[in-house]
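# Coordinate inspection notes
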Amino acid sequence: MKVRLTYLLILLFFSLGVNAQDVIFKTICKKQVMVGEQFQVSYELNGDGKDFQKPDFKDFELIGGPFTSRSSSTNIVNGSVTRSNTQTFSFYLRAIKEGTFSLPQATITVNKTKIKSEPVEITVVSGGSGNSGSVSGRSQTSRSNSKDIILEAVPSKKSVFLGEQLVLTYKIYFTIPISQLSISKSPSYSGFWTKDISDNNGNLQQSSIMRNGQEYRVVTIQEVVLFPQKSGNLTIDPLDISCIAQIRQERQTRQSYDPFESFFDNIMGSTYTNVKKEITSQPIEIEVKPLPANKPATFNGSVGQYSFSSKIDKTKMKSNEAFTITYTVTGKGNIELLDMPKPVFPPDFEVYDPKITTSTKNNSFGISGTKKAEYVVIPRVSGDFTLEPVKFTYFDPAKEQYVTLSSDVYDLHVERSETTNKSGGVIYAPGQEEIKILGSDIQHIKTNDLTLSSKNSYFFGSTLYFMTIVILIIIFTIAYISYKKINKFNKNEVLVRNKKANKIAGKRLKNAHQYLKENKQEAFYNELSQALWGYISDKLNISKAKLSTDSIKEEMIEKHIPEETVNQFIELIHNCEFALFAPGDPNKKMDELYQRGIEIITKVEKLLK
């Protein structure tokens, strides 16, 4: 009986020794941060609560959260037993503007009573390191800093000539695991003609590099070739990307007499949390130098390093027999926009429009390739002729001078073709058109009965004569007016390009649709992009040398096209250029861009009529 009484007294003593603590719902965070800095805010309750209501972080950007954790501890001091439970709700925020802001209070229900967290003020400064301040107790501290993930834009050159290509490479350096990499905002590349030459096919190759004494993993996420279209100091805007970073969190423990808590704190003292991060590259300034003033007459704007050659299939032929001559430019530069030199043929040679073929190759050194102009020519007269050399002039940035190349000289021997026969045929004379011989010069005497007319009956002055004259005048007038209209139309280059814009764009869209069905992604995006660039260039009469998103936007606004439509058109061009890099279902993405391309061209076509 005494043993039982002693046991009850001991239990009563320990129960009286347990101190009921007041419930505290406190806020743990830095008191000062800088603009753009990511920081952690934790709401800690020293008890059991439910129905946690997160605050509205209206003055900050919410990156992640809430992340919930629980802990418990038991302390025995001088026979007094203290037990406590702790709940923590953590958020990751980014400061977006300067000022002093009151951190919103969170709400939680404890024993059917709603309580609010402590009010805390945070000061956001423009630069420098924020001084951390926190309420004492258990908290989690992020081991990530601004040097864990670095996005860097690396230009191959910072000083170039007008029209000279440079390669801009975007690299991301990281020391912590990252995933779900995507572009948030791409630069407009104002003042440049651009082409994305990234060739990762969705697989980013990683490598290791030492940077400032620390080992980083590095990935090249994008490569863009730039061709400056105007001289001066041009600034390339930053590239913004987002990713999910796995950040290590370390618990800050306090002294505890609970051996189990200390044991698990040592073993599980750190955890990992997925946090969304936004990274921005630095702006790049490029010095674009104008080309020297002593431009040769044969210079057509080509900049780079090129070779020029020609080839003819035969030099001996008969009149009315076709031959083929091909002019080829090969080298490094903007092959796609290069204007081929035009040869001059003798006046009695019939020349068809050249067949232009372009083949390019992209790598980390830029764009190189070959462009050919193939002419089919028919000499209409016989004789000996000389095809004078064609000159091609380009500017070599390495030599800083103009270089002129010439094609070969060709001596042609054209023999007269046998084209006449007994019943008639065709002959050619220098400078003349076809002359048809309808029959021989002496007709046979007719032996059959003849119908004779009165000698006083004449065609001249008759009714039929005057009717014939009137009909001929009408036909001549109609033909003359038609000729004038056609000639005026052909001389108006702006009108011709405008009329053909929709037709050419339709042809390219048809090709893009074929690539879409064949699932050829690179060919599809290139064809769709060329359809958009080519359509708006022809429709607004913008030369290739001045073609850029800025010039497009300026011209479209001058044509009173709504700004919303203008932005949709430019956004679609950018999406085509970066579609290969963007994550997601490639087939769905290609089909969506194709439909948007048809819609935006149709909309612009209606607005410009």
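Anyway, here's the lowdown on the structure attached to this text.

Reading the values: rules and limits
- Residues numbered from 1 in each chain as written.
- Predicted model: local features only at pLDDT ≥ 70, side-chain atom pairs only at ≥ 80, totals over all residues.
- Heavy atoms only, no water.
- Helix = DSSP H or I, 4+ residues; strand = E, 2+ residues; numbered from the N terminus.
- Buried < 20%, exposed > 50% of the residue type's maximum accessible area, 1.4 Å probe, protein only.
- Contact = heavy atoms within 4.5 Å.
- Areas by Shrake-Rupley, 256 points an atom, 1.4 Å probe, with all protein chains shown as cover.
- Salt bridge = Lys/Arg side-chain N within 4 Å of Asp/Glu carboxyl O.
- Polar contact = N/O pair within 3.5 Å; in protein donor to acceptor, adjacent residues only side chain to side chain.
- Pairing = 2+ DSSP bridges.
- Expected span 1.5 Å × (residues − 1).
- Axes fitted to C-alpha atoms, helices over the stretch in contact; angles between N-to-C directions.
- Phe/Tyr/Trp six-rings, centres within 6.5 Å; stacked < 30°, edge-to-face > 60°.
- Lys NZ or Arg CZ within 6 Å of the ring centre and 35° of its normal.
- Parallel < 35°, antiparallel > 145°, perpendicular 65-115°, else oblique.
- Left-handed = near helix turned anticlockwise from the far one by under 90°.
- Nonpolar A, V, L, I, M, F, W, Y, C, P; charged D, E, K, R; others polar.

### A look at the overall build of the protein chain
Across its full length, the protein chain holds eight helices and 34 strands. Across the 609 residues that make up the protein chain, the buried fraction comes to 38%. A separation of at least 24 residues holds for 73% of the contacts in the protein chain among residues at least 6 apart in sequence. Summed over all atoms, the accessible surface of the protein chain reaches about 36,500 Å², with 52% contributed by carbon and sulfur.

### Here's the deal with the pattern of salt bridges
Enumeration according to the criterion identifies 11 salt bridges in this entry. A salt bridge links Glu 605 to Lys 539, with the shortest nitrogen-to-oxygen separation between them at 3.1 Å. Of this pair, Glu 605 sits in helix 8 (residues 586–608) while Lys 539 is found in helix 5 (residues 521–540), placing the two residues 66 residues apart along the sequence. Taking relative accessible area as the criterion, Lys 539 reaches 9% and is therefore assigned buried.

### Details of the side chain of Lys 195
Along the chain, Lys 195 turns up in strand 16 (residues 192–196). Looking at Lys 195, its side chain comes within polar contact range of the side chain of Glu 336, at 2.6 Å. The contact partners of Lys 195, leaving out residues within four places of it in the chain, are Glu 223, Val 224, Val 225, Glu 336, Thr 360, Asn 362 and Ile 367.

### Observations concerning the pairing of strand 23 (residues 299–312)
As defined by bridge partners, strand 23 adjoins strand 30 (residues 391–396) across two bridges and the pair is classed as parallel. From the neighbouring strand, Val 303 faces strand 30, where its bridge partner is Phe 395.

### Some thoughts on helix 5
With 20 residues, helix 5 should cover 28 Å at 1.5 Å per step; its first-to-last C-alpha distance of 29 Å lies within 8% of that length. Of all 20 residues that make up helix 5, 14 are buried, and the element is covered over most of its length.

### Details of the sheet that holds strand 32 (residues 410–415)
Adjacent strands of a sheet form backbone hydrogen bonds with each other and so pair up, either parallel or antiparallel. Spatially, three strands are ordered 24-32-29 in an open sheet, and the strand pairing comes out mixed. Across the chains shown, the open sheet's two edge strands, defined by having one partner strand only, are strand 24 (316–318) and strand 29 (383–387). Looking at each pair of strands side by side, their axes are set apart by 30 degrees on average, direction ignored. Note: strand 29 against strand 32, five bridges, orientation antiparallel. Directly across from Phe 385, in strand 32, lies its bridge partner Leu 412.

### Some remarks on the side chain of Asp 59
Summarising the element assignment, Asp 59 is placed in the loop between strand 4 (50–53) and strand 5 (60–77). With relative accessibility at 17%, the residue Asp 59 sits in the buried group. The residues touching Asp 59, leaving out its near neighbours within four places in the chain, are Ile 96, Lys 97 and Phe 101.

### Focus on the pairing of strand 30
Counted residue by residue, strand 30 has five buried out of six residues, so it is predominantly covered. Where strand 30 and strand 31 (residues 401–406) come together, six bridges link them in antiparallel fashion. Paired with Phe 395 across the bridge in strand 31 is Tyr 402. Counting the residues that bridge the hairpin from strand 30 to strand 31 gives four residues, and of these Glu 400 lies at a positive phi of roughly 55 degrees.

### Overview of the packing of aromatic side chains
One pass over the structure, following the stated rule, counts 27 aromatic pairs. A centroid spacing of 5.3 Å and a plane angle of 75 degrees characterise the contact between Tyr 465 and Phe 466, whose relative ring orientation is edge-to-face. Exposure remark for Tyr 465: the relative accessible area of 21% places this residue in the partly exposed category. Sitting over the ring of Tyr 173, Arg 211 keeps its end group 4.5 Å from the ring centre. In this structure, Lys 289 packs its charged tip against the face of Phe 161, placed 4.3 Å from the ring centre.

### A word on helix 7 (residues 563–578)
Over its 16 residues, helix 7 runs 23 Å from end to end, which matches the ideal 22 Å to within 8%, given 1.5 Å per residue. Looking only at helix 7, the buried set comprises Thr 565, Val 566, Phe 569, Ile 570, Leu 572, Ile 573, His 574, Cys 576, Glu 577 and Phe 578.

### Quick notes on the packing of helix 5 against helix 7
For the pair helix 5 and helix 7, the least separation of the axes is 9 Å and the interaxial angle reads 150 degrees. Overall, the two elements helix 5 and helix 7 adopt an arrangement that is roughly antiparallel. In this structure, helix 5 crosses over helix 7, and the sense of that crossing is left-handed. The segment helix 5 lies against helix 7, with Tyr 525, Leu 528, Ser 529, Leu 532, Trp 533, Tyr 535 and Ile 536 engaging Phe 569, Leu 572, Ile 573, Cys 576 and Glu 577. In terms of residue class, the contact of helix 5 with helix 7 is made up of 10 nonpolar, one polar and one charged.

### Let's talk about the packing of helix 6 (residues 549–558) against helix 7
Where helix 6 meets helix 7, the axes come as close as 10 Å, and the angle between the chain directions of the two elements is 155 degrees. By the angle between their axes, helix 6 is roughly antiparallel relative to helix 7. Every pair of crossing elements has a handedness; the one defined by helix 6 and helix 7 is right-handed. Residues Thr 549, Ile 552, Lys 553, Met 556 and Ile 557 of helix 6 form the contact with helix 7, whose own contacting residues are Glu 563, Val 566, Asn 567, Phe 569, Ile 570, Ile 573 and His 574. Looking at side-chain class alone, the contact of helix 6 with helix 7 contains seven nonpolar, three polar and two charged residues.

### Looking at unusual backbone geometry
You will see that Lys 112, though not glycine, has its phi angle at about 65 degrees, which is positive. Tracing the sequence through the fold places Lys 112 in the loop between strand 8 (107–110) and strand 9 (113–116). Lys 112 sits in the exposed class, given a relative accessible area of 82%.

Limitation: the analysis is restricted to geometry and does not speak to function.
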